[in-house]
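Residues per chain are reported as follows:
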Amino acid sequence: MSVTVRVPAKVNVQLAVGPARPDGFHDLANVFLAVGLYDEVTASPAETLRITCAGPGADQVPLDRTNLAARAAVALAERYGLAPDVHVHIDKDIPVAGGMAGGSADGAAALVACDALWGTGASRAELLDICAELGSDVPFSLVGGAALGTGRGERLTELKVGGTFHWVFAMAERGLSTPAVFREFDRLGEGAGIPDPVASQAVLDALASGDPGALAVAVSNDLQPAALSLFPELADTLAAGRAAGALAAIVSGSGPTTAFLAGDADAAVVVAGVLRASGTCGAVRVTEGPAVGAVVV
Ligand code: C5P
């Protein structure tokens, strides 16, 4: 018997970052939108905890207990006094180290899969609790849709979305480390008096209305200057997408995946074609959001 869970990637339509806190994290106003790129995580009984991974970038995924899927299995097992004897297989489609919460997605999916496999019957609140321990973006991977994350991003308020948004994502040829991007954010902001992060009413209204034009003028990402500083070539990808007619072009989360909001599905295909031909990026994907959170398939 085995359990497979499908889990979406995310893009941040707003990522407002406050000053570094004493614990090293940053307070955020983080508006997440789940999008239709998915990892599939399968849990099956095994003699001992084992993680395997297949798909693009799988060779960069750690297969030891640092993998968020492994940490999820261990955390759930500990809570219920079980041994985490499970084989977790990750079929990756979300870019690795791409700023689309691929690792967080695998953590949330493994948690749901192990809960079903072991019959632990954890409540939604318990699962969200464990997710928050695993990482700032993990609770959102569980719930999907759209949500405002505050604190370090783990405290969620679900948001209404009034329509479907069409996105193009351009993968980069190498990854960026999230802690490194936050460190660069701190370095760039030194002495600048960074304000506390506040959710943008314009972003929330645009999501609620489902209007891509309104969302395009409202999107923002405070980590973008830091990501561009560490990965200057991303500016060329952003420019290519804008020139192709994208309504907005932003770095996704801590990057280096770049995200392009299109006016409709046809425009998204055009933007993707131009990006592919531009030679400024790796693989290009067309998808839409919101997408549902982690579900057993
Ligand atoms: O929570 P998570 O493990 O995903 O965070 C990865 C890293 O990103 C943290 O170690 C920290 O360097 C940075 N981070 C941060 N502030 C946040 C979220 C993440 O500084 N709110």
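1. A short note on the overall build of the chain
Counting secondary structure elements, the chain contains 10 helices and 12 strands. For 297 residues, the compact-globule estimate of 2.2 N^0.38 gives 19 Å, and the chain sits close to it at 18 Å. Counting only residues that meet the buried cut, the chain has 54% of its 297 residues in that class. For the chain, the computed accessible surface area is about 11,800 Å², with 53% contributed by carbon and sulfur atoms. If the 18 positive side-chain charges of the chain are averaged to one point and the 32 negative ones to another, these points end up 1 Å apart.

2. Description of the site of the ligand
Around the ligand, a shell composed of Gly 24, Phe 25, His 26, Leu 28, Gly 135, Ser 136, Arg 152, Thr 178, Pro 179 and Phe 182 is seen. Within the contact set of the ligand, an oxygen atom lies 2.6 Å away from a side-chain nitrogen or oxygen of His 26. One of the backbone nitrogen or oxygen atoms of Arg 152 is found 2.9 Å away from a nitrogen atom of the ligand. For the ligand, whose accessible area on its own is 450 Å², the fraction buried by protein is 74%. Breaking the shell around the ligand down by element, the ones donating at least two residues are β2 (26-45) and α5 (178-189).

Rules behind the numbers
- Throughout, a residue's number is its position along its own chain's written sequence, starting from 1.
- Under the rules for a predicted model, residues below a pLDDT of 70 receive no local features and side-chain atom pairs below 80 are neither given nor counted, while totals for whole chains, interfaces and linings still include all residues.
- Hydrogens and water molecules were not included; the side-chain quantities draw on all heavy atoms of the structure.
- Under the DSSP-based scheme used, a helix requires at least four consecutive residues in state H or I and a strand at least two consecutive residues in state E, with every element numbered from the N terminus.
- When we talk radius of gyration, it's over C-alpha atoms, and the globule rule is simply 2.2 Å times the number of residues to the 0.38.
- Burial here depends on accessible area, computed with a 1.4 Å probe over protein chains only, as a share of the maximum for the residue type. Under 20% is buried, over 50% is exposed, and the range in between is partly exposed.
- The method behind every accessible area is Shrake-Rupley, applied with a 1.4 Å probe, and residues are considered shielded solely by the protein chains displayed.
- In this count, Lys and Arg are taken as positive residues and Asp and Glu as negative ones, while His and the chain termini are left out.
- By convention, the charge on Lys lies at NZ, on Arg at CZ, on Asp at CG and on Glu at CD.
- Near is defined per residue: the residue qualifies when any heavy atom it owns lies within 4 Å of the molecule or strand.
- Two N or O atoms form a polar contact when they lie within 3.5 Å of each other; inside protein one atom must be a possible hydrogen donor and the other a possible acceptor, and for residues adjacent in sequence the pair counts only when both atoms belong to side chains.

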